[in-house]
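Chain and residue survey
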Amino acid sequence: MTLTATHELAIDIGGMPILVRTDSAEFAALLEDRYGSFIHAPSSGRIFTLDIDLIPPRTIVEDEDVSVRLESGRWIMTRGDFRAEFDPRTGHGWVRQSPNPYSIDGVLRILHSLFLAREGGFLVHAASAVRNGRAFLFAGVSGAGKTTLSRLAPPDAEVLTDEISYVRPSESGYVAFGTPFAGELARIGANLRAPLAALYLLVQGPENRIEPVDPAEAARAVLRNILFFAHDEELVGEVFKSVFDFVARVPVKRLIFTPDARVWELIV
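All values derive from a computational prediction rather than experimental measurement.

So, about the overall build of the protein chain. Along the backbone of the protein chain there are five helices and 17 strands. Its C-alpha radius of gyration of 19 Å places the protein chain within 12% of the 18 Å reference for a compact globule of 268 residues. Seen along its three principal axes, the alpha-carbon backbone of the protein chain occupies a region of about 55 × 40 × 40 Å. Residue burial in the protein chain is summarised as follows: out of 268 residues, 53% are buried. Per element, the accessible surface of the protein chain, about 12200 Å² overall, is 50% carbon and sulfur. Separation of charge centres in the protein chain, based on 27 positive and 35 negative side chains, amounts to 4 Å.

Take a look at the structure:
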């Protein structure tokens, strides 16, 4: 698909900018409002591109599940509200969607999960925050307390996300990045990065305490919270290897907590 784009915005998440191109000024303004500090000026460095083809909402099938598959070297991504293709060899793709930010949000999550799988990183259902120059992840399913902990964060902590954390390996360990993917907090995270100090598995209880977690349990828990959409045996294998490397290099502990701000006294 080719598009004569008059508006270009680089959405930079995790140090991997994606240049979104559209011929709609209204949609471009909507993206600027949605992604805030994650919008950067287009650069001449490494960048991926997505052309957006807007279609009427009446053509959308809302209850269609997400599907991600590799065909002839191109990723085909579909859901009820979008259809997209991306060629990893050229770094270029397109999205056909209605004019709302939720569809492009879904495409960006899928693409970043694919990019990260090749690099040893991943997206994970976890809140995250930076305190004293170090990042902390708080993983759990819906209702585990990710948003609660984010709301309770003290003034000296910067919330990176209350819903989906972005993790990449580095020479010395792992780095967590802020994301615009918000949960119940309904606001994008801080566009920051910091070395990852620990991941906490959330359990609500009668008191605040931290318990050790053995490596096998830690790996299972992280895998349960990974976001990965593609039916691709090779990349699934890469994600498994990344998780086992992660739990070998990053402390994983269980954080039992009550919903008050004193829990943050344990997170230093």
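There is more to say after this.
Counting through the fold element by element, Arg131 comes out in strand β9 (residues 122-131). The spacing of Arg131 and Val268 is 137 residues in sequence and 7.0 Å in space, taken between C-alpha atoms. Beyond its immediate sequence surroundings of up to four residues, Arg131 is in contact with Phe136, Pro154, Asp156, Ala157, Trp264, Ile267 and Val268. Engagement of the side chain of Arg131 in a polar contact is seen with the side chain of Asp156, the distance being 3.1 Å. A polar atom in the side chain of Arg131 sits 2.9 Å from the backbone oxygen of Ile267.

A few words now on the pairing of strand β4 (residues 48-54). Most of β4 is tucked away, with five of its seven residues classed as buried. Here four bridges tie strand β2 (residues 16-22) to β4, and the two strands are oriented parallel to one another. Within the sheet, the bridge partner assigned to Arg21 lies in β4 and is Asp51. Across six bridges, the pairing between β4 and strand β8 (residues 92-97) is parallel. Residue pairing across strands places Leu50 opposite Gly93, the latter belonging to β8.

Moving on: the packing of aromatic side chains. Counted according to the given criterion, the structure contains nine aromatic pairs. When the centroid spacing of 5.3 Å and the interplanar angle of 75° are considered together, the rings of Phe122 and Phe246 count as edge-to-face. Here Phe122, found in strand β9, pairs with Phe246, found in helix α5 (residues 233-249); they are 124 residues apart in sequence, far enough to count as distant. A centroid spacing of 5.6 Å and a plane angle of 65° characterise the contact between Phe138 and Trp264, whose relative ring orientation is edge-to-face.

Turning our eyes to something else, we now look at the side chain of Thr22. By secondary structure assignment, the location of Thr22 is in strand β2. Overall, the relative accessible area of 0% leaves Thr22 in the buried class. Separated by 3.1 Å, the side chain of Thr22 and the backbone nitrogen of Ser24 make a polar contact.

Residues Phe27, Ala28, Leu31, Arg34 and Tyr35 constitute the buried set of helix α1 (residues 25-35). Seen from one end, α1 has its buried residues packed into an arc of 125°, which puts them on one side. Counted as exposed and oriented over 90 degrees from the buried face of α1: Glu26 and Asp33. Those residues of α1 hidden inside the fold are in contact with β1 (7-13), β2, β3 (39-40), β4, β8 and α2 (101-119). At the C-terminal side of α1, Gly36 shows a positive phi close to 45°.

The next point concerns the nonpolar core. Of all hydrophobic cores here, the largest spans 67 residues; its most connected members are Leu50, Ile104, Leu196 and Phe246. For this core, the element with the highest residue contribution is α2, accounting for nine residues. Contact partners of Leu50, with chain neighbours within four places excluded, come to Ile18, Leu19, Val20, Arg21, Phe86, Gly93, Trp94, Val95, Ile104, Val107, Leu108 and Leu111. Of all hydrophobic cores here, the second largest spans 19 residues; its members include Leu149, Leu185, Tyr200 and Ile267.

Reading guide: rules and limits
Residues numbered from 1 in each chain as written. Predicted model: local features only at pLDDT ≥ 70, side-chain atom pairs only at ≥ 80, totals over all residues. Heavy atoms only, no water. Helix = DSSP H or I, 4+ residues; strand = E, 2+ residues; numbered from the N terminus. Rg over C-alpha atoms; globule rule 2.2 N^0.38 Å. Buried < 20%, exposed > 50% of the residue type's maximum accessible area, 1.4 Å probe, protein only. Areas by Shrake-Rupley, 256 points an atom, 1.4 Å probe, with all protein chains shown as cover. Lys, Arg positive; Asp, Glu negative; His and termini not counted. Charge placed at Lys NZ, Arg CZ, Asp CG, Glu CD. Contact = heavy atoms within 4.5 Å. Polar contact = N/O pair within 3.5 Å; in protein donor to acceptor, adjacent residues only side chain to side chain. Pairing = 2+ DSSP bridges. Phe/Tyr/Trp six-rings, centres within 6.5 Å; stacked < 30°, edge-to-face > 60°. Arc of directions from axis to C-beta. Core = buried A, V, L, I, M, F, W, Y, C linked by side-chain atoms within 4.5 Å.

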